[in-house]
Amino acid sequence: MFEFSWPWLFILLPLPWLLRFLKPVHTEGNTRLRIPSFAKHNLATQVAHQHTRSISAFEWLIWALLVSALANPTWLDEPITLPNEGRDIMLAVDLSGSMTEQDMAYQGQYVDRLTMVKAVLSDFIEQRQGDRLGLILFGDTAFLQTPLTRDVKTVSQMLSETQIGLVGRATAIGDALGLSVKRFANKDESNRIVVLLTDGQNTAGNLDPEEALLLAREEGIKVYTIGVGSDNPRGFSLFNMGGMSGGSLDERLLKRIAEQTGGLYFRAKDVAGLQQIYQELDKLEPISADEQTFRPQSALFYFPLLIALGLIALRIMFISAKTLRQEA
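Quick notes on the rules
- Residues numbered from 1 in each chain as written.
- Predicted model: local features only at pLDDT ≥ 70, side-chain atom pairs only at ≥ 80, totals over all residues.
- Heavy atoms only, no water.
- Helix = DSSP H or I, 4+ residues; strand = E, 2+ residues; numbered from the N terminus.
- Buried < 20%, exposed > 50% of the residue type's maximum accessible area, 1.4 Å probe, protein only.
- Contact = heavy atoms within 4.5 Å.
- Areas by Shrake-Rupley, 256 points an atom, 1.4 Å probe, with all protein chains shown as cover.
- Pairing = 2+ DSSP bridges.
- Axes fitted to C-alpha atoms, helices over the stretch in contact; angles between N-to-C directions.
- Patch = residues over 30% accessible without salt bridge, like charges linked within 9 Å, V, L, I, M, F, W, Y side chains within 5 Å.
- Salt bridge = Lys/Arg side-chain N within 4 Å of Asp/Glu carboxyl O.
- Right-handed = clockwise from strand over helix to strand, strands pointing away.
- Parallel < 35°, antiparallel > 145°, perpendicular 65-115°, else oblique.
- Left-handed = near helix turned anticlockwise from the far one by under 90°.
- Nonpolar A, V, L, I, M, F, W, Y, C, P; charged D, E, K, R; others polar.
- Phe/Tyr/Trp six-rings, centres within 6.5 Å; stacked < 30°, edge-to-face > 60°.
- UniProt positions renumbered as here; feature names shortened; annotations may be inferred.
- Core = buried A, V, L, I, M, F, W, Y, C linked by side-chain atoms within 4.5 Å.

Another point: the overall build of the protein. Along the protein, the regular secondary structure elements total 11 helices and 15 strands. Expressed as a percentage of its 328 residues, the buried residues of the protein come to 39%. For the protein, the proportion of contacts with a sequence separation of at least 24, taken over those separated by at least 6, is 81%. Accessible area for the protein stands at about 18,700 Å²; split by element, carbon and sulfur atoms hold 56% of it.

Here it is, written out as structure tokens:
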């Protein structure tokens, strides 16, 4: 379907015709300063004629094209119905220094914890059609990387671009949970879920994890906690000399957060451990919402604009060529 976004702008079409009558033109008869050479060649009469002549059809066409471009012609595709049910899931991912430890078996080799989390979490995100996802990253503090959105591709892209140390090298679990709760404000009509992934214990931040837990309980938010880290020490880490894989993980806190909010705690020692939580989330009953539709739009203003500019360029070339012939 074709339409103009601002059709009322077509009232500008008669503007050149109106200006022609509103702007007075001084002719030779009322010129106070007379220059002999100017009068000799009758240039005053020529100028007056140029201002009083009628506007050509060619010029009207250019003006009509410019006004059409200004009115923003748009092509509307067929309406697309958005999923009317889903969940609101906030992912809180630990970017502390210990996430660099290479103790996670993935596709036949050992990789660092963040690489494995990215790989498995990306698959999870792509399967969240109909859900709204958000991404929070935390280290010394927590910050919102992506607000809740159905654009799962953007969330996946933002996750893939994360790096260790982006928000410091400590672990602010309380800040991460508190910020997740804050982002769920005024979203009562949804399954509000937080998935918190960490490999350590709370060592930084402004909000104590117990205080954040109370906030989550008051808001009725379910928190699924995941403790990341293998029991088999491997590799070398600046933050874990000799490899204390998972040794600093505060499982007691993570279990308490999950139990007190109605969620579950998982220990992700490998890929299977991470994938288990995805199956549990799929079992949750999605919340129905009002059906929403939208129509993809394609802007077409550049077509009349380019045609108008092309005609203006041809007119300039024609006048220039005519002038050169006369001078020759």
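Sheet architecture is open: 3 strands sit in the order 1-2-15, paired in antiparallel fashion. Each of the sheet's edge strands pairs with one partner strand only, and the pair in question is strand 1 (2-4) and strand 15 (297-299). In this sheet, adjacent strand axes meet at a mean angle of 30° when their direction is disregarded. Here 3 bridges tie strand 2 (residues 73-76) to strand 15, and the two strands are oriented antiparallel to one another. The partner of W75 across the bridge, within strand 15, is S298.

Moving on: a nonpolar patch on the surface. Residues F301, Y302, F303, L306, L309, I312 and I316 make up a contiguous nonpolar surface patch of about 660 Å² in total accessible area. Note on placement: L309 falls in helix 11 (residues 302-327). A residue is classified by how much of its surface remains accessible, and L309, at 45% relative accessible area, is partly exposed.

Quick look at the pairing of strand 11 (residues 222-228) now. Burial analysis of strand 11 places 6 of its 7 residues in the buried class, which makes it a mostly covered element. Two elements, strand 10 (residues 192-198) and strand 11, share 6 bridges in a ladder whose sense is parallel. Considered in strand 11, the bridge of V195 is made with Y224. A crossover links strand 10 with its parallel partner strand 11, the connecting element being helix 8 (residues 209-219), and its sense is right-handed.

As a packed pair, helix 8 and helix 9 (residues 251-261) sit with axes 9 Å apart at the nearest point and diverge in direction by 15°. Taken together, the axes of helix 8 and helix 9 are roughly parallel relative to one another. Of the two possible hands of crossing, helix 8 and helix 9 adopt the one that is right-handed. Residue-level inspection shows P209, E210, L213, A216 and R217 of helix 8 in contact with helix 9, the latter providing L253, R256, I257, Q260 and T261. For the contact of helix 8 with helix 9, a count of residues per class yields 5 nonpolar, 2 polar and 3 charged.

Another aspect to go through is the sheet that holds strand 12 (residues 265-268). Strand pairing in a sheet relies on backbone hydrogen bonds, with the paired strands running either antiparallel or parallel. Here we have 6 strands laid out as an open sheet, ordered 9-8-5-10-11-12, and mixed in their pairing. Edge strands, defined here as strands with exactly one partner in the open sheet, are strand 9 (142-149) and strand 12. Here the strands of the sheet are splayed against their neighbours by 15° on average, with no regard to which way each runs. Along the sheet, helix 5 (residues 113-126) makes contact with strand 5 (88-94), strand 8 (132-138), strand 10 and strand 11, crossing strand 5 at roughly 170°.

Taken as a whole, this structure holds 4 aromatic pairs when the rule is applied. Ring plane angle 90° and centroid distance 5.0 Å describe the contact between F4 and F10, whose orientation is recorded as edge-to-face. What makes F4 partly exposed here is its relative accessible area of 27%. Between F301 and Y302, the aromatic rings sit 5.8 Å apart at their centres with planes inclined by 75°, giving edge-to-face as the arrangement. Of the residues examined, F301 reaches a relative accessible area of 35% and is grouped as partly exposed. With relative accessibility at 37%, the residue Y302 sits in the partly exposed group.

On the UniProt side, "transmembrane region" (unreviewed entry) is annotated at positions that read residues 299-318 here. For residues 299-318, helix accounts for 85% and strand for 5%, while the C-alpha atoms at its two ends are 32 Å apart.

To continue, consider the nonpolar core. In terms of nonpolar packing, the biggest core is built from 37 residues, with V93, L121, I125, V195 and L274 touching the most fellow members. Per-element tally for this core: the top contributor is helix 5, with 8 residues. Setting aside residues up to four positions removed in sequence, V195 forms contacts with I89, M90, L91, A92, Y224, I226, I277 and L281. Counting 25 residues, the second-largest nonpolar core is a separate cluster that includes M90, A176, L196 and L254.

Another point: the side chain of N72. Along the chain, N72 falls in the loop between helix 4 (57-70) and strand 2. A relative accessible area of 15% means that N72 is categorised as buried. Excluding residues that lie within four positions of it along the chain, N72 makes contacts with E3, F4, S5, W6, A299 and F301.

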